[in-house]
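# Results of the structural survey
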Amino acid sequence: MADITAPAYRVIPLIPALKPGAMEGKGPFVAGEKLNEALGFPGQLVEDWHDRAIGKMGDLLSRYRSLKVFMDACVHCGACSDKCHYFIGTQDPKNMPVARQDLLRSVYRRYFTLPGKLFPKLVGARDLTREVLDEWYNYFNQCSECRRCSVFCPYGIDTAEITMAAREILDTVGYGQKYSNEIIGKVHKIGNNLGLPGPALRDTLEGLEEDVKDATGFDVRFPMDVKGAEVLLITPSADFFAEPHIDSLIGYAKVFHATGTSWTLSSMSSEAGNFGMFIGNYDQLRTIALRIRQAALELGVKRIVVGECGHAWRVAYSFWNTLTGVGEGADANDHFAQMLQKQLDHRYKQPAHICEFTWDMIQDNRLTFDKSANDKHIITFHDSCNVARGSRMGDLPGGQFEIPRNIIRAVANNFVEMAPSTTREQTFCCGGGGGLLTDDLLELRVKGALPRMEVLQQAVDEHGVNFMATICAICKAQFTKIMPIYGFDRKMVGGVHQLVSNAIQLGPK
Ligand code: SF4
Ligand code: SF4
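Residues numbered from 1 in each chain as written. Chains lettered and ligands numbered in written order. Predicted model: local features only at pLDDT ≥ 70, side-chain atom pairs only at ≥ 80, totals over all residues. Heavy atoms only, no water.

## Structural notes on the domain arrangement of the protein
Domain boundaries assigned for the protein yield domain 1 (33-183), domain 2 (191-355) and domain 3 (367-505). On a C-alpha basis, the centres of domain 2 and domain 3 stand 22 Å from each other. Across the boundary between the two partners, domain 2 contributes 28 residues, which contact 29 residues of domain 3. Buried surface at the junction of domain 2 and domain 3, summed over both partners, amounts to about 2,300 Å²; 66% is from carbon and sulfur atoms. Contact with domain 3 buries surface across domain 2, with P244, E308 and C355 losing the most and accounting together for 25% of the total. Connecting domain 2 to domain 3 are one salt bridge. The salt bridge partner of K476 is E308, with a shortest N-O separation of 2.6 Å. Contributions of two or more residues to the side of domain 2 that touches domain 3 are made by α12 (245-259), α14 (310-323) and α16 (354-363). (Domains from an automatic or database assignment. Contact = heavy atoms within 4.5 Å. Buried area = accessible area lost by both parts, 1.4 Å probe. Salt bridge = Lys/Arg side-chain N within 4 Å of Asp/Glu carboxyl O. Helix = DSSP H or I, 4+ residues; strand = E, 2+ residues; numbered from the N terminus.)

## Details of the side chain of S81
Mapped onto the elements of the fold, S81 is located in the loop between α3 (65-73) and α4 (85-90). For S81, the side chain forms a polar contact with the main-chain oxygen of G78, separated by 2.7 Å. For S81, the residues in contact, after removing those within four places along its chain, are F87, M96, P97 and V98. (Polar contact = N/O pair within 3.5 Å; in protein donor to acceptor, adjacent residues only side chain to side chain.)

## Some words on the pairing of strand β3 (residues 303-306)
Neither face of β3 is left uncovered, since the one carrying R303 and V305 and the one carrying I304 and V306 both have all their residues buried. In terms of strand pairing, strand β1 (residues 231-234) meets β3 through four bridges, oriented parallel. Bridge assignment links V231 to a residue of β3, and that residue is R303. Both β3 and strand β4 (residues 352-353) contribute to a ladder of two bridges, which runs parallel. For V306, the partnering residue across the bridge sits in β4 and is H353. (Buried < 20%, exposed > 50% of the residue type's maximum accessible area, 1.4 Å probe, protein only. Pairing = 2+ DSSP bridges.)

## Examining the site of ligand 1
Around ligand 1, the neighbouring residues are C84, H85, Y86, P97, R100, C143, S144, E145, C146, R147, C149 and T159. Those elements giving two or more residues to the shell around ligand 1 turn out to be α4 and α5 (97-112). Considered class by class, the residues forming the shell around ligand 1 number six nonpolar, three polar and three charged. (Near = heavy atom within 4 Å. Nonpolar A, V, L, I, M, F, W, Y, C, P; charged D, E, K, R; others polar.)

## Here's the deal with the packing of aromatic side chains
Applying the stated criterion across every chain, the model contains eight aromatic pairs. Judged by centre distance (4.7 Å) and plane angle (65°), the rings of F275 and F278 are edge-to-face. We note that F275, like F278, is buried. Taken together through their ring pairs, the aromatic side chains of F222, F256, W263 and F357 make up a single cluster. For R148, the ring lying beneath its charged end belongs to F428, and the centroid distance is 3.7 Å. One cation-aromatic arrangement involves R303 over Y348; the distance from NZ or CZ to the ring centre is 3.5 Å. (Phe/Tyr/Trp six-rings, centres within 6.5 Å; stacked < 30°, edge-to-face > 60°. Lys NZ or Arg CZ within 6 Å of the ring centre and 35° of its normal.)

## A closer look at the nonpolar core
F222, W320, M453, L456, F479 and M483 are the most contacted members of the largest nonpolar core, which totals 109 residues. Among the elements that line this core, the one with the most residues is helix α13 (residues 282-299), at eight residues. Residues within four places of M453 in sequence aside, it is in contact with M468, F479, I482, M483, Y486 and F488. Membership of the second largest hydrophobic core comes to 42 residues, among which are F70, M71, L104 and L133. (Core = buried A, V, L, I, M, F, W, Y, C linked by side-chain atoms within 4.5 Å.)

Written out as structure tokens, the structure reads:
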């Protein structure tokens, strides 16, 4: 008896109490006429929205077998229901992944299944009414398409894909979301999400060269539109001026400088982000991606490297091969794709993430670091959803988790993990992804950040963590905005290449 000890208490999972209707009517601003029309969507809700919406749903069901399977396969086991950060934070039952899916599924059943046509009430089928359409708008714009719920679904049902389909239907009937459509319009018109024109960008880069020279004594370049450079860096436009993003841009430039790699940015294609994915629209997704191919061809580069942006890396890693003809398994079946395939240097991975580039250089002993430069930080790492659950890095499974952590360990002495149930493939969304990083959704963003903030607080209490690194521009923007609301210093968040920048040795002056 004396040898028997009680097992340690388990952490009791907290399932939030329900608050029905808590987030009703709290969706984002609706896009106006000009924004919609600029993307080729109807300017406002069309008169025959009902028939067009059902027609579009049928079109998507016939094109995407996965969507049809997701509509049919759910057994309502509930395994996903408490896995969404927006449900945890808002307690609105319609933010449970299964309930969110059912908003679309109930209409699918009514119009596309025999039992739904014959006995709608018995099978939970609903007519598509204006009320239902408004519900779609509201709750499908409260999903960051983070795919955490799908990790826990025994059938692998991907709510993000259902959200994308719903947003695609909404845009088709002229009921688009202001923030995402405005951003896509800026990319088409100016070349980046922030609407920064080429000359302003050039000025910013020149200013950065001066700042880095003052700080380090080295002539680190931030080149733009350099024909014949080896690397084209495609990075989120937030890297050009937002804090802390810009510190990572400085880190990339220092890595290129220290390794003697010639590189360039493109004024025509100065954006890695691709909000076409967030609104689920293939044409937008492809058009935005093709700007990058055009820039690569015009500049004659040998390699394409993508900066710290979560969803951009998912698009590059998972979709560029079919969208642009670049990437693993690319089917270079059009003239420009074939030209680019010929032009790129296939000794290297195409495209590569900046973390893969830096990690390769570290492994080749081409970079040296003074790790003590990061000693003021006790660092943890926030895995970003689209990198964690929608991409890979390196040659081994899980490379997208290990490579950023390996870099942090190579440049800093103090690294600790947050709770394992909230990292790697189980990571929580920052609360601002998927086209929701807009101030008209601030309440949702603050509440959706709750699970990550709880676990960060735990890491602060247990290990004294004072820096959370991440490799996503949206995570950085979201955290700097909402962390002060949770009592954290906004400077606690930053990029992996910000840490690289602190510690890198640029060589003899
Ligand atoms: S936000 Fe993420 S967890 Fe929540 S429903 Fe959407 S994909 Fe699932
Ligand atoms: S875990 Fe999958 S099957 Fe179960 S309720 Fe959620 S979506 Fe449906």
